[in-house]
Every structure is written in structure tokens, then in C-alpha cells.
Amino acid sequence: MREPILVIDDDEKITSMLRRSLAFEGYTVATANNGAEGLKMMLTMEPALIILDVMMPQMDGWEVCRRVRESGSSVPILMLTAKDDIADKVKGLDLGADDYLVKPFALEELLARLRSLMRRRGETAEQKTNRMGYEDITLDLDTREVVRGDYKIELTTKEFDLLHLFLQNPKRVLSRDIIMEKIWGYDYSGESNVLEVYVALLRQKLEEHGGKRIIQTVRGAGYVLRGD
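Computed from a predicted model, the values in this text were never measured in an experiment.

Conventions adopted
Residues numbered from 1 in each chain as written. Predicted model: local features only at pLDDT ≥ 70, side-chain atom pairs only at ≥ 80, totals over all residues. Heavy atoms only, no water. Pairing = 2+ DSSP bridges. Helix = DSSP H or I, 4+ residues; strand = E, 2+ residues; numbered from the N terminus. Axes fitted to C-alpha atoms, helices over the stretch in contact; angles between N-to-C directions. Contact = heavy atoms within 4.5 Å. Parallel < 35°, antiparallel > 145°, perpendicular 65-115°, else oblique. Nonpolar A, V, L, I, M, F, W, Y, C, P; charged D, E, K, R; others polar. Salt bridge = Lys/Arg side-chain N within 4 Å of Asp/Glu carboxyl O. Buried < 20%, exposed > 50% of the residue type's maximum accessible area, 1.4 Å probe, protein only. Core = buried A, V, L, I, M, F, W, Y, C linked by side-chain atoms within 4.5 Å. 1 Å grid on protein atoms, 1.4 Å probe; cavity = no way out; pocket = protein on both sides within 12 Å on 5 of 7 lines; lining within 4 Å. Points joined across faces, edges and corners; volume = space filled by probe spheres on them. Domains from an automatic or database assignment.

Q: How should I be thinking about the sheet that holds strand β2 (residues 28–32) in this particular structure?
A: Strands in a sheet are paired, the pairing made by backbone hydrogen bonds, and the direction either parallel or antiparallel. If you walk across this open sheet you meet the five strands as β2-β1-β3-β4-β5, and the pairing is parallel. Every other strand in the sheet has two partners, leaving β2 and β5 (99–102) as the edge strands with one partner each. Neighbouring strand axes in the sheet, compared pairwise and without regard to direction, differ in orientation by 20° on average. Relative to strand β4 (residues 77–81), strand β3 (residues 49–53) runs parallel, the two being bridged by four bridges. Residue pairing across strands places Asp53 opposite Leu80, the latter belonging to β4.

Q: Would you mind going over the sheet that holds strand β8 (residues 145–148) with me for this structure?
A: With antiparallel pairing, four strands are arranged side by side in an open sheet as β6-β7-β8-β9. Sheet topology places β6 (131–134) and β9 (151–153) at the edges, where each strand pairs with a single neighbour. Averaged over all pairs of adjacent strands, the angle between strand axes in this sheet comes to 25°, irrespective of strand direction. In the sheet, β6 pairs with strand β7 (residues 137–140) via four bridges, with the strands oriented antiparallel. The residue bridging Arg131 from the neighbouring strand is Asp140, located in β7. The sheet contacts of helix α6 (residues 157–168) involve β6, β7 and β8, and relative to β7 the element is tilted by about 115°.

Q: Even after reading the chapter, I still don't get the environment of Ile14, so can you show me in this structure?
A: Tracing the chain through its elements places Ile14 in helix α1 (residues 12–24). Beyond its immediate chain neighbours, meaning those up to four positions away, Ile14 contacts Asp9 and Lys103.

Q: Teacher, can you tell me more about the packing of helix α3 (residues 61–70) against helix α4 (residues 86–95) here?
A: Any two packed helices are characterised by how steeply their axes cross, that is the angle between the axes, and by the distance between the axes. In the contact formed by α3 and α4, the axes pass within 9 Å of each other and the chain directions differ by 25°. Here α3 is positioned roughly parallel relative to α4, judged by the angle of their axes. Residues Trp62, Cys65, Arg66 and Arg69 of α3 form the contact with α4, whose participating residues are Asp88, Lys91, Gly92 and Leu95. Each residue belonging to the contact of α3 with α4 can be placed in one class, and the counts come to three nonpolar, one polar and four charged.

Q: Any chance you could explain the pattern of salt bridges here in plain terms?
A: Once the charged atoms of two side chains with opposite charge are near each other, the side chains can pair. Under the criterion given, the structure shown has 18 salt bridges. In this structure, the salt-bridge partner of Glu159 is Lys205, at a minimum N-O distance of 2.7 Å. In this pair, Glu159 is assigned in helix α6 and Lys205 in helix α8 (residues 194–206), connecting sequence segments 46 residues apart. Accessibility expressed as a relative area gives 24% for Lys205, which makes it partly exposed. Of the charged contacts in the structure, one is a salt bridge between Glu196 and Arg176, with a shortest N-O distance of 3.1 Å. With a gap of 20 residues between them, Glu196 in helix α8 and Arg176 in helix α7 (residues 176–184) connect regions that are remote in the sequence. According to the relative accessible area criterion, Glu196 is partly exposed, its value standing at 33%. Taking relative accessible area as the criterion, Arg176 reaches 23% and is therefore assigned partly exposed. What emerges from the salt-bridge pattern is a single network uniting Glu63, Arg66, Arg67 and Glu70.

Q: In this structure, what is going on with the nonpolar core? I would like to understand it.
A: In globular proteins that are soluble, nonpolar side chains generally tend to be buried together. Leu162, Leu163, Ile179 and Ile215 are the most contacted members of the largest nonpolar core, which totals 30 residues. Listing elements by their share of this core, those giving two or more residues are β6, β7, α6, α7, α8 and β11 (222–225). If we skip the residues at most four places from it in the chain, Ile179 touches Leu162, Leu165, Phe166, Leu174, Trp184, Leu195 and Tyr223.

Q: Hey, could you run me through the layout of surface pockets in this one?
A: Picture a little ball the size of a water molecule; that probe, rolled over the atoms, points out where space is still empty. Reported here for the second largest pocket is a volume of approximately 370 Å³. Taken together, 19 residues make up the lining of the second largest pocket; nearest its centre are Arg69, Arg144, Leu155, Thr156 and Thr157. Where the lining of the second largest pocket is concerned, the elements lending two or more residues are α3, α4, β8, β9 and α6. Its residues assigned to classes, the lining of the second largest pocket shows five nonpolar, seven polar and seven charged. Of the domains in this structure, domain 1 (4–122) and domain 2 (131–225) are the two that each give at least three residues to the lining of the second largest pocket.

Okay, here's the thing in C-alpha cells:
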């Protein structure tokens, strides 16, 4: 069965080009020319991946992304933006996008990003254990719920993914490059402090009710999940 991809963009030249190119690559493609229509289609067709433009009529890409994540969907989202601006990129990632691509883009690069996201999606789907934990922390991959002791912890998509990565590698030092590749993609810009911000936010939520620190900084090497 061919993977369904939803393209949401008001530029007919782009949607037409992507429809032809992705179909040639073996994907099933659906398109929407505004955010409201795209959101409605997403909720009914359950795509394997969404290619989402930022600037659109009726509902922009930021709002679509936010509502997709609020619906509980973890479908990979590749955002298209006209501005190569770190603030815009971080905003998209904060709202739950998995990757971004600046217009105009080369088709070969878009296909590479798409394959990377689909591969990571497949790796997640192949996880045999749906519940995992460390000390008093439990993470459920099916419900995307995190509990520490007696308290349920509300995490954003990226915070959840970051904790999941640490739980997969207890007591193993993970370098910044490894974490960025696994969580934000192979070519995410290393110029921003987005990782440090997310580690700080995750620590704050995990320690909110008096829990000890388990995500440790290893100076000059990265981060490690351990209870010392």
C-alpha cells in the first residue's frame, strides 16, 4: 500500500509539481489550497506525512500545525517557509513541526527530507515496547502520556520525543549532534540554542513536584539520563 501524503499550500504551481513528483516516487498524494481545508482533510484521511506551507488564506500553517498536534496526531509535518529566519523555524518546531524547508527549494532536497521523516516514523512504529521507564518515570508511546511518581506531566511533542530518546539510552552520554539528528533531523542548523532550551524546559517539568534531576549535563560531551 502506497503511503498517503497531504500537501497543504495555496500556490497551485507548487501543489501541482509536488503531486506529480511524489506520485512518481510512489506516494499517494492529496492536496489542499488553504489551511482550513487542509486541516479538515487531515482529520479524515490520516496521512503518513504532511507538507505544510506557512502563509495561507483562512488559516495559516502555524495554526494548522498547532491544531494537528492538539488533536493528538503525531503525523510528521514538514513546513515550507518563505523566510530563512531562525525565529520562524523555532516557532514551527515549538508548535510541533518535525522539519522545515525554505522556499524556493530543490525537489531533491524535499524528497531527502521526506524520506528521512518517513524513516524515523517507521522506526517509531516498529518499537516493540509501548511503555518504558526509568526510576519513577513512565512514558507510554501509545497514549503519549508521561507520569513521574503520582503526577502526570504534560509535555509538548518535542519534549516528549526528547525524553523518549533519553529513556531509550539510559546512562549513555548522548552528544549534541546525535540528539539534534534524532529529534530535529540530520541537517538542522547547529547555530541556535534550541536543544539547550528544550533540555531546560524538560528538566523543569520533570522536577516540578520535587523529583531529583535525572538528565545530567556532561560538560563538553552532551547529556545523559542517570540518577546521580
